[in-house]
Amino acid sequence: MIFQVTHRDARTSARAGVLKTSRGEIHTPVFMPVGTQATVKALTSRELLEAGAEVILSNTYHLYLRPGVKVIEGAGGLHSFMGWDKPILTDSGGFQIFSLAAFSKVRKDGVEFQSHIDGSRHFLTPEEVVRIQCSFGSDIFMPLDECVKYPSEESVVEKSVELTRQWAGRSKEAWRALVREDGRFEKNILFGIVQGGTIARLRKEAARQLLDLDFPGYAIGGLSVGEPNELMAEILSLTAPALPAEKPRYLMGVGMPLDLLEAVSQGVDMFDCVVPTRNGRHGTVFTSGGRLLLREAKYVSDLRPLDEKCPCYACRTHSRAYLRHLFNSEEHLGGRLASLHNLTFFIQLLQSTRRAIEEKRFHEFRLAFERNYNEEDS
Ligand SMILES: [Zn+2]
């Protein structure tokens, strides 16, 4: 058993659990910092550990193009290449191929695309994407999928669900073949990804088809791509319960603090999002009282820490006034400190959520958080 649900909330579908990987346990609900280019932007691995990270994300598309599979293999895998020895989840890069590549076209066996870096042409199959992630030594990997834009015609979404299903089957088969060849790969975990845009019928259909393939875990993809928040919550509320209760559920690319708590209440266990680091680099920090835009004049002499309750290095050492000064002087340290703080805040939010579920007070915890947290920038 790679995943064990240890506690369930009585009122909602929220649960606490443990996901076991060969590089350590991941305690869920969990927030996974995004390290697309084999780096969580501006932070060292030591700082990620201090922030409480148990697992980070990286991206197959980006690393396949640069520095390339050979360089990472030569370094002994992604963990030693980047100096991080806890679990790594690699996204397949399907989302990036279809959204970032200069050109992409689905062929019979896979997808042809042009690199957004140097315009070079590439062709990747679902099998190759699984093999690349094995070469990286990822602990959790994702199959090649197609994520449609929002909004998309039902017929377009239907076609992409069918393609994603075929690719999921081929990915699973490729993974099985690798395990047969080399027993070490048995410890890697391959998730299935439920697509289906914002069309309820197709979401349910996509979930049902993937269950037949019996993946060790399931991801919900294609949300938080521009649809209204209520629609995201609605689609999530019918997709999450369609997934097996005993397996981990991962909501890809979501989201803001209140979205995370809503998704936890729907039974989601794993999250990743660029929000903490991207916002941090631009001078926005998240606190238990809401967001602070550090460039604002009102912080010019504010000697309080970013968040009184936060144990991070930035909050222990510096004031809002100092961070505002760094941002206004275009000093790199500002973005680093704000990123460190934001990641600590997001990781701790889910750690506190987990404790609340264990102690049977998730409802009270969520109400108190929502009461203090101001969605509007303060
Ligand atoms: Zn802090």
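(A) Summary view of the coordination of the zinc ion. Coordination of the zinc ion by the protein is provided by Cys 310 (SG), Cys 312 (SG), Cys 315 (SG) and His 341 (ND1), with metal-donor distances spanning 2.1 to 2.3 Å. Taken together, the 4 donor atoms coordinating the zinc ion span angles of 96 to 121° at the metal, a pattern that classifies the geometry as tetrahedral. Each donor residue of the zinc ion lies on the same chain, and together they follow the pattern C-x1-C-x2-C-x25-H. Linking Cys 312 in the loop between β16 (290-293) and α12 (313-317) with His 341 in helix α14 (residues 332-358), this pair joins segments that are 29 residues apart in sequence. His 341 matches Cys 312 in its accessibility class, with the two residues each being buried.

(B) Structural context of the pattern of salt bridges. All told, the structure shown has 24 salt bridges when counted by the stated rule. When the shortest N-O distance is used, the salt bridge between Arg 170 and Glu 127 registers 2.9 Å. A residue pair is termed long-range when its members are at least 10 positions apart, and Arg 170 in helix α7 (residues 154-181) and Glu 127 in helix α6 (residues 126-136) qualify at 43 residues. Using a relative accessible area of 22% as the deciding quantity, one classes Arg 170 as partly exposed. Across the salt bridge formed by Arg 320 and Asp 302, the nearest N and O atoms sit 3.3 Å from each other. On the criterion of sequence distance, the pair formed by Arg 320 in helix α13 (residues 320-328) and Asp 302 in the loop between β16 and α12 is long-range, its members being 18 residues apart. Each of the salt bridges in this network shares a partner with another, and the network as a whole consists of Arg 107, Glu 112 and Arg 121.

(C) Examining the pairing of strand β1 (residues 3-8) more closely. Sheet topology places β1 next to strand β2 (residues 15-21); 5 bridges connect them, and they run antiparallel. Bridged to Phe 3 within β2 is Leu 19.

(D) Layout of the sheet that holds β1. With antiparallel pairing, the 3 strands of this open sheet are ordered in space as β1-β2-β3. Sheet topology places β1 and β3 (24-28) at the edges, where each strand pairs with a single neighbour. Within this sheet the neighbouring strands show an average axis-to-axis angle of 15°, counted without direction. Running over the sheet, α14 touches β1, β2 and β3 and is turned about 120° from β2.

The rules behind the values
- Residues numbered from 1 in each chain as written.
- Predicted model: local features only at pLDDT ≥ 70, side-chain atom pairs only at ≥ 80, totals over all residues.
- Heavy atoms only, no water.
- Donors = N, O, S within 2.8 Å, 3.2 Å for Na, K, Ca; no water.
- Tetrahedral: all angles 85-135°; square planar, octahedral: opposite > 155°, others 65-115°.
- Helix = DSSP H or I, 4+ residues; strand = E, 2+ residues; numbered from the N terminus.
- Buried < 20%, exposed > 50% of the residue type's maximum accessible area, 1.4 Å probe, protein only.
- Salt bridge = Lys/Arg side-chain N within 4 Å of Asp/Glu carboxyl O.
- Pairing = 2+ DSSP bridges.
- Axes fitted to C-alpha atoms, helices over the stretch in contact; angles between N-to-C directions.
- Contact = heavy atoms within 4.5 Å.

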